[in-house]
Amino acid sequence: LDKAYSNSLRDNDSKGKQLISDIEEILAGASNVELAKGSEIQKINARKSKWLWGAGFTLSIALMTALGLVFYFRPSDVGPLMQTVLGLSTGTETKLTTETVTFIWIVTLFQKLVIYVPLIWFALKCSKNQSQAARFEAEYAHKESVAITYNGHKAQMDTISTEDSGKLKALLAENLITAMA
């Protein structure tokens, strides 16, 4: 039993050293503090991006509302080009047929769609990118906290000198890899 325990301890110690060397190789000289700082910078950039896309979304909705109000309160007029196309004479009263009114309504609708379709597309793009930036912000906040936590736990384990410190360091390294993946 004592021999099995010492073999298990030796195996765990070698696994812990291997995991720590793998982590140091992956980080390529970067310390955990630098990793936390890099994650914090990325989190701040994602937060700025989230606010910019939110402002773009709000602007596009406000612009669509303003245009809707202008179109609603502006009297619908038939311009000179439309009068020529429809064969309406200027200055005389003309009785509009149902087909003519329908045609004017369709042309007016397409004129408004030319303005609204790009605004709707821009609003949807802003909304999607704002959501993506919010996810990035949360992800980088998580990575920052994991790196800071790892650094704190590692410092605490360095002060502890017990037989299990190698096992604890191996477990900490394994949990860091799992959390960062």
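In this text, all values refer to a predicted model and were calculated from it rather than measured experimentally.

**Digging into the overall build of the protein chain**
Argument step 1. The helix and strand tally for the protein chain stands at five helices and zero strands.
Argument step 2. Within the span of the protein chain, comprising 181 residues, buried residues form 19% of the whole.
Argument step 3. The contacts of the protein chain with a sequence gap of at least 6 include a subset with a gap of at least 24, amounting to 81%.

**What to know about the nonpolar core**
Argument step 1. In terms of nonpolar packing, the biggest core is built from seven residues, these being Ile23, Val146, Tyr150, Met157, Leu172, Ala173 and Leu176.
Argument step 2. Counting only elements with at least two residues in this core, the list comes to α4 (98-159) and α5 (165-180).

**Structural notes on the side chain of Ser60**
Argument step 1. On the secondary structure map, Ser60 appears in helix α2 (residues 32-73).
Argument step 2. Ser60 sits in the buried class, given a relative accessible area of 2%.
Argument step 3. A distance of 2.8 Å separates the side chain of Ser60 from the backbone oxygen of Phe57, its partner in a polar contact.
Argument step 4. Filtering out sequence-adjacent residues up to four positions away, Ser60 remains in contact with Leu119, Phe122 and Ala123.

**A closer look at the packing of aromatic side chains**
Argument step 1. Enumeration according to the criterion identifies one aromatic pair in this entry.
Argument step 2. For the ring pair Phe136 and Tyr140, a centre distance of 6.5 Å and an interplane angle of 45° mean the geometry is tilted. Within this pair, Phe136 and its partner Tyr140 are both found in helix α4, separated by four residues, close to a single helical turn.
Argument step 3. Judged by its relative accessible area of 37%, Phe136 falls in the partly exposed class.
Argument step 4. Judged by relative accessible area, Tyr140 falls into the partly exposed class, the value being 22%.

Rules behind the numbers
Residues numbered from 1 in each chain as written. Predicted model: local features only at pLDDT ≥ 70, side-chain atom pairs only at ≥ 80, totals over all residues. Heavy atoms only, no water. Helix = DSSP H or I, 4+ residues; strand = E, 2+ residues; numbered from the N terminus. Buried < 20%, exposed > 50% of the residue type's maximum accessible area, 1.4 Å probe, protein only. Contact = heavy atoms within 4.5 Å. Core = buried A, V, L, I, M, F, W, Y, C linked by side-chain atoms within 4.5 Å. Polar contact = N/O pair within 3.5 Å; in protein donor to acceptor, adjacent residues only side chain to side chain. Phe/Tyr/Trp six-rings, centres within 6.5 Å; stacked < 30°, edge-to-face > 60°.

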